[in-house]
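Results of the structural survey
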Amino acid sequence: MTPPAGQAFEQLSATLESRGPVVLPALLLCDFGHLAREVERLEAAGAAALHLDVMDGRFVPQLTYGLVVVEAVRRAATVPLEVHLMVEEPAACIADYARAGADIITIHIEGLADERRTREALGQIAALGPKAHLAISPGTPVDRVEPFLDLCDGVLVMSVEPGFGGQSFNPIAVEKLSRLAALRASRGGRFRLAVDGGISTETVGPVAAAGAQLIVAGSAVIRAADYARAIDELERIARGAA
């Protein structure tokens, strides 16, 4: 039985508090012909949560999947789901993904036209039950999200440009994570810090040391022969550096 969104996130929070940073496998590269089996394998390998990349072909060039896949993953999964909306006008589909079973809904600051719409979108997510996270791309300064930190449950720092595969890790993410961690400490904030893009055994330590708690990993897990070993190694390095 899948727990409600808030309860599922509390379970994830307890894991973060007791164990330190966790790896969220991104499903984009998984075998979609055997989706339920992939979810089962990742949970058996110790994944504390799963990350789903929804791309609309407009906000980013790629078109991936939508509600049908998120609903299917929700039926198969017992762990929390983060749905990362790389879409234009995310407010138009927030309610759909909340109903589909997202525990965390992440929206891009770059996809929101102004401060009013950003506040409204974050409030909409919170009212529906999931945790509200804001994402920032490599070229977006931390100053853009600073006015909304009190409304966020988390900030996802992109270490590659959204929507493009095969990119190298951009070290500016480490600087942004450090800045956000300092802002959180100075204002007594509770928002979580996340990172997505180019995560490997070489980059996971620096992002964890800078404050990343939710670490999204795609090929480093999905292309590994042994999911459990890959997740364990990444988390071991992250927790040693945090």
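Right, let's walk through the structure included here. One numbering rule holds for all chains: residues counted from 1, following each sequence as written. Where totals are concerned, whole chains, interfaces and linings use all residues; where local detail is concerned, this predicted model gives features only for residues with pLDDT of at least 70, and gives and counts side-chain atom pairs only at 80 or more. Water and hydrogen atoms were dropped before computing side-chain values, which therefore reflect all heavy atoms in the structure.

**Focus: the pattern of salt bridges**
In the sections that follow, a salt bridge refers to a side-chain nitrogen of Lys or Arg positioned within 4 Å of a carboxyl oxygen of Asp or Glu. Enumeration according to the criterion identifies 14 salt bridges in this entry. Its salt-bridge partner being Glu-17, residue Arg-192 comes within 3.2 Å of it at the nearest N-O pair. Placement of Arg-192 in strand β7 (residues 192-196) and of Glu-17 in helix α1 (residues 5-19) is noted, with a sequence separation of 175 residues between them. We call a residue buried when its accessible area falls under 20% of the maximum for its residue type, exposed when it is over 50%, and partly exposed in between, using a 1.4 Å probe and counting protein chains only. Its relative accessible area of 11% is what places Arg-192 among the buried residues. Between Asp-103 and Arg-74 there is a salt bridge, with its nearest N and O atoms 2.8 Å apart. With a gap of 29 residues between them, Asp-103 in the loop between α4 (94-100) and β4 (104-108) and Arg-74 in helix α3 (residues 67-76) connect regions that are remote in the sequence. When sorted by exposure, Asp-103 lands in the same class as Arg-74, which is buried. When salt bridges that share partners are traced, they join Asp-143, Glu-146, Asp-150, Arg-179 and Arg-187 into one network. Numbered from the N terminus, helices here are DSSP runs of H or I no shorter than four residues, and strands are runs of E no shorter than two.

**Notes on the packing of helix α2 (residues 35-44) against α3**
For the pair α2 and α3, interaxial distance at closest approach is 9 Å and the crossing angle is 50 degrees. Taken as axis vectors, α2 and α3 run oblique relative to one another. The two elements α2 and α3 meet at a crossing, and its hand is right-handed. For the pair formed by α2 and α3, the contact residues are Leu-35, Ala-36 and Val-39 on the first element and Val-69, Ala-72, Val-73 and Ala-76 on the second. Under the grouping applied here, Gly and all other residues not named as nonpolar or charged are polar, the nonpolar ones being Ala, Val, Leu, Ile, Met, Phe, Trp, Tyr, Cys and Pro and the charged ones Asp, Glu, Lys and Arg. For the contact of α2 with α3, the class distribution of residues is seven nonpolar, no polar and no charged. Here, axes are lines fitted to C-alpha atoms. For helices the fit covers the stretch in contact, and angles between N-to-C directions go from 0 to 180 degrees. Working definition: roughly parallel below 35 degrees, roughly antiparallel above 145 degrees, roughly perpendicular at 65 to 115 degrees, and oblique for all remaining angles. Crossings are classed by handedness, with left-handed meaning an anticlockwise turn of the near helix from the far one by less than a right angle and right-handed meaning a clockwise turn. By definition in these notes, contact holds between two residues if any of their heavy atoms fall within 4.5 Å.

**Let's talk about the pairing of strand β3 (residues 81-86)**
With respect to burial, β3 is a largely interior element, six of its six residues being buried. Strand direction decides the pairing type here: strand β2 (residues 50-55) and β3, joined by six bridges, are parallel. For Leu-52, the partnering residue across the bridge sits in β3 and is Val-83. Handedness of the crossover joining β2 and β3 through α3 is recorded here as right-handed. Across four bridges, β3 lies against β4 in parallel orientation. By the bridge assignment for β4, His-84 is matched with Thr-106. By convention, orient the strands away from the viewer: a clockwise path from the first strand over the helix to the second makes the crossover right-handed. Assessed by its sense of winding, the connection that carries the chain from β3 through α4 to β4 is right-handed. A pair of strands is treated as paired once DSSP finds two or more bridges between them.

**Thoughts on the layout of surface pockets**
A cavity here means a set of points on a 1 Å grid, drawn over the protein atoms and nothing else, where a 1.4 Å probe fits but cannot get out; a pocket is an open set with protein on both sides within 12 Å along at least five of seven lines, and a residue lines either one if it has an atom within 4 Å of a point. Grid points are joined across faces, edges and corners, and a volume is the space filled by probe spheres set on the points. In this structure, the second largest pocket occupies an estimated 200 Å³ of space. In this structure, the second largest pocket is lined by Phe-9, Glu-10, Ser-13, Glu-17, Lys-131, Cys-152, Asp-153, Arg-190, Phe-191 and Arg-192. For the lining of the second largest pocket, the leading source of residues is α1, giving four residues. Its residues placed into classes, the lining of the second largest pocket shows three nonpolar, one polar and six charged.

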